[in-house]
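Remarks on the overall topology
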Amino acid sequence: MAATDRQRLVRSGLFLLALFGHQAIAATLPVDNVDVLYHRYEGGGMVIDGPSVLVRKSIGPQVSVSGQYYVDSVSAASVDVLATASPYKEERKEYTFGIDYLHDKSILSLGFTNSSENDYEANTLYFSVSQEFFGGMSTLTMGYASGWDEVRRVGNDSFSEEADRRNYQLGLSQIITRNSLIGLDLEVVTDEGFLQNPYRQNRYIDPNDSTAFLYQPERYPETRTSTSVAVRALYYLPYRASLRGEYRYFSDTWGITAHTAELGYVHGLNPHWTLEASVRYYRQSEADFYSDLFPFENSQTHLARDKELSSLSGTTLALGAVYEWKQTSLPGIDRLQFSLLVDWLNFEYDNFRDVTAAGDFLPGDEPLYSFDAYVTRASLILEY
Amino acid sequence: MRSVSIFTVSALLVATVAVSGCSSVKPWVKPYERDNLADPVMSLSRHGTADSYMHHVYQARESARGAEGGSGGGCGCN
């Protein structure tokens, strides 16, 4: 099974945005709203779709509470699944509860997320403080999140492992001119525990037949620490449109470094409609203990053939249309926003070969794997 | 010893400049000059949950994680 996909999905969760999503309006509580999303990911043999509903309501002038329900319905037949297991279907549900407290020019946020599926349970508690200063031109946010997960394995009731995680976040948003602003973000994440995929395997050359290969379980280090720094800049053009540039550098103790660059453009057609487009490029090096094909069984302490740990590059082209209606005549609704967003993603692996490719190949001679995917999001936000 | 004293003097100089700089520099973009910054086209997290979903997608496919932001955007004046 593609458990790593799922573990990563779980670990990443949606709480990070919940943590940072408010600081755009620091010193003002988030507006009461209902945010409904339908999301669909299709590509590389995977279809993942489902709804998300978030409801936010203020209680008095200083407190705002929110609750979110999110579902991933997974139908998996990815290259990893096809190589060593059978296609499967499953569902992951996530609940998040949060509370924000406004005090003078700061906002304190506290929240909890639980995500569960048949073989993975993830919990995250987060806390952040956002402070506006320098006449509202600067906003500093500090966040901390602590996660504890339980990893199980379908078909083996006695299998149960734990993974813990801590996130430390620091963000600065700075107005530069009346038409431009920048954001700086730093995040350190540490993991400890069972960090590998209990289903995925790696391969090594069959000692009795060099034209064949055998599989063995993955074996990852039990700790990982990563650091990311990102800079973002937004510029308001001479007409109603904006240009956005982003760069992120990533490095971790598994020997992976990554660069992400993104350029976006948003164009206001009229007071109701805006169109947007963006291009994103991602590149990473491989983990120290990664190999597409190990020379023999247990040839090193840590063994991985998870394609996400291979060196790879990814490109995204995105288009979107947004309809916005301020001061609506709808009863009880102050503002409505509907967005349709479509992203095309392409991933090319430099050192992960497709063992399911048709044809006769010697181990290590199979074609390199690549795939593309479409991500569709339909979002409706109602402010009341 | 000499290098320590040079370091100390440099640090004091930097600190002095920083402190005096802070006291003399005033916020130069006034709240009433922030209407462009308050326009939704200048938001980094305009789509709410839909934005966080994309971070989720990337974290599942890529090793890099963190510093996805959402910082910036808006102007603190609404």
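Criteria and thresholds
- Think of each chain on its own: its residues are numbered from 1, step by step along the sequence as written.
- The order in which chains are written sets their letters, starting at A; the order in which ligands are written sets their numbers, starting at 1.
- Local features in a predicted model are, by the rule used here, given only for residues with pLDDT of at least 70; side-chain atom pairs are given and counted only at 80 or more, and totals for whole chains, interfaces and linings are based on all residues.
- A run of DSSP states H or I qualifies as a helix once it reaches four residues; a run of E qualifies as a strand once it reaches two. Both are numbered from the N-terminal end.
- Exposure classification rests on a simple neighbour count of other C-beta atoms within 10 Å of a residue's own: a residue reaching 20 or more is buried, one at 12 or fewer is exposed, and one in between is partly exposed. C-beta atoms are placed from the backbone.
- The globule rule used here is 2.2 Å times the number of residues to the 0.38 power, and the radius of gyration it is set against is calculated over C-alpha atoms.
- A residue pair is marked as a contact if its C-beta atoms, positioned from the backbone, fall within 7 Å.
- Residues of type Ala, Val, Leu, Ile, Met, Phe, Trp, Tyr and Cys that are buried and joined through C-beta atoms within 7 Å form what is called a nonpolar core.
- The residue classification treats Ala, Val, Leu, Ile, Met, Phe, Trp, Tyr, Cys and Pro as nonpolar and Asp, Glu, Lys and Arg as charged. All others, Gly included, are polar.
- Multiply 1.5 Å by the residue count of a helix minus one, and that product is the helix's expected span.
- For every residue, the predictor assigns a confidence score, pLDDT, that lies between 0 and 100.
- Between any two strands, pairing holds if DSSP finds at least two bridges.

You'll find chain B entered in an unreviewed UniProt entry as DUF4266 domain-containing protein, with Marinobacter nauticus given as the organism.

So, the overall build of chain B
Broken down by element type, chain B carries three helices and zero strands. Put simply, chain B runs from its N terminus to its C terminus through helices and strands in the order α-α-α. In chain B, buried positions account for 50% of the 78 residues.

Overview of the overall build of chain A
Each helix and strand counted, chain A has three helices and 18 strands in total. For 384 residues, the compact-globule formula gives about 21 Å, and the C-alpha radius of gyration of chain A, at 23 Å, lands near that figure. If you line up chain A on its principal axes, its C-alpha atoms span 75 × 40 × 40 Å. Pairs at least 24 residues apart make up 61% of the contacts formed inside chain A by residues separated by at least 6 positions.

Here's the deal with the nonpolar core
Counting residues in hydrophobic clusters, the biggest one holds 23 residues, and the most contacted among them are Tyr41, Tyr349 and Val375 of chain A together with Tyr53 and Val57 of chain B. Elements represented by at least two residues in this core include exactly strand S1 (33-43), strand S2 (46-59), strand S3 (63-76), helix H3 (79-84), strand S17 (335-353) and strand S18 (368-383) of chain A together with helix H3 (49-61) of chain B. If one sorts the elements of this core by residue count, H3 of chain B sits on top with six residues. Those residues in contact with Tyr53 of chain B that lie beyond four places of it in its chain are Leu37, His39 and Arg377 of chain A.

Quick word on the interface of chain A and chain B
Listed as interface residues are 73 residues of chain A and, on the opposing side, 44 residues of chain B. Classifying every residue of the side of chain A that touches chain B by side-chain character gives 35 nonpolar, 25 polar and 13 charged.

Brief notes about the environment of Lys93 of chain A
Residues and elements named next belong to chain A. Inspection of the secondary structure puts Lys93 in strand S4 (residues 88-103). On a C-alpha basis, the gap between Lys93 and Leu195 in space is 21 Å, while along the polypeptide they are 102 residues apart. In contact with Lys93, not counting residues within four places along its chain, are Val71 and Ser116.

Here we look at unusual backbone geometry
Located in the positive-phi region is Asp104 of chain A, a residue other than glycine, with phi close to 55°. Locating Asp104 of chain A in the fold gives a position in the loop between S4 and strand S5 (106-117). Since 8 C-beta atoms lie within 10 Å of it, Asp104 of chain A is described here as exposed. Positive phi, normally seen in glycine, also occurs at Ala67 of chain B, with a value near 55°. Relative to the helices and strands, Ala67 of chain B resides in the segment after H3.

Quick notes on H3 of chain B
Here H3 of chain B contains 13 residues, and its C-alpha end-to-end distance of 19 Å stays within 8% of the 18 Å for a straight helix at 1.5 Å per residue. Across the 13 residues of H3 of chain B, 13 count as buried, placing the element largely inside the fold.

Some points on the confidence of the model for chain B
Residues with a pLDDT of 70 or more make up 59% of chain B, whose mean pLDDT is 76. Among the prediction metrics, the complex's ipTM stands at 0.92, with pTM recorded as 0.88.

Description of the pairing of strand S8 (residues 156-177) of chain A
Residue and element names in this part refer to chain A. Two elements, strand S7 (residues 138-153) and S8, share 16 bridges in a ladder whose sense is antiparallel. Residue pairing in the sheet places Glu150 in a bridge with Glu162 of S8. Once S7 ends, the chain turns through two residues before running back antiparallel as S8, passing Gly155 with a positive phi of about 90°. The antiparallel pairing of S8 with strand S9 (residues 180-193) creates a hairpin that spans two residues between the two strands.

Digging into the pairing of strand S14 (residues 257-268) of chain A
Put simply, side chains in a regular strand alternate between the two faces of the sheet. All names here are of chain A. Note that strand S13 (residues 241-252) and S14 share 11 bridges and pair antiparallel. Counterpart to Leu243 in the pairing with S14 is Tyr265. Between S13 and S14, which follow one another and run antiparallel, lie four residues, and Gly255 among them has a positive phi close to 90°. With 11 bridges joining them, S14 and strand S15 (residues 273-284) adopt antiparallel strand pairing. Bridged to Gly264 within S15 is Ser278. The antiparallel hairpin formed by S14 and S15 contains four residues in its connecting segment.

Here we look at the environment of Thr190 of chain A
Residue and element names in this part refer to chain A. For Thr190, the position within the fold is in strand S9. On the basis of neighbour count, Thr190 is assigned to the partly exposed category, with 14 C-beta atoms found within 10 Å. Here the alpha-carbon distance between Thr190 and Lys105, two residues 85 residues apart in the chain, equals 31 Å. Setting aside its immediate chain neighbours within four residues, Thr190 contacts Arg165, Arg166 and Thr225.

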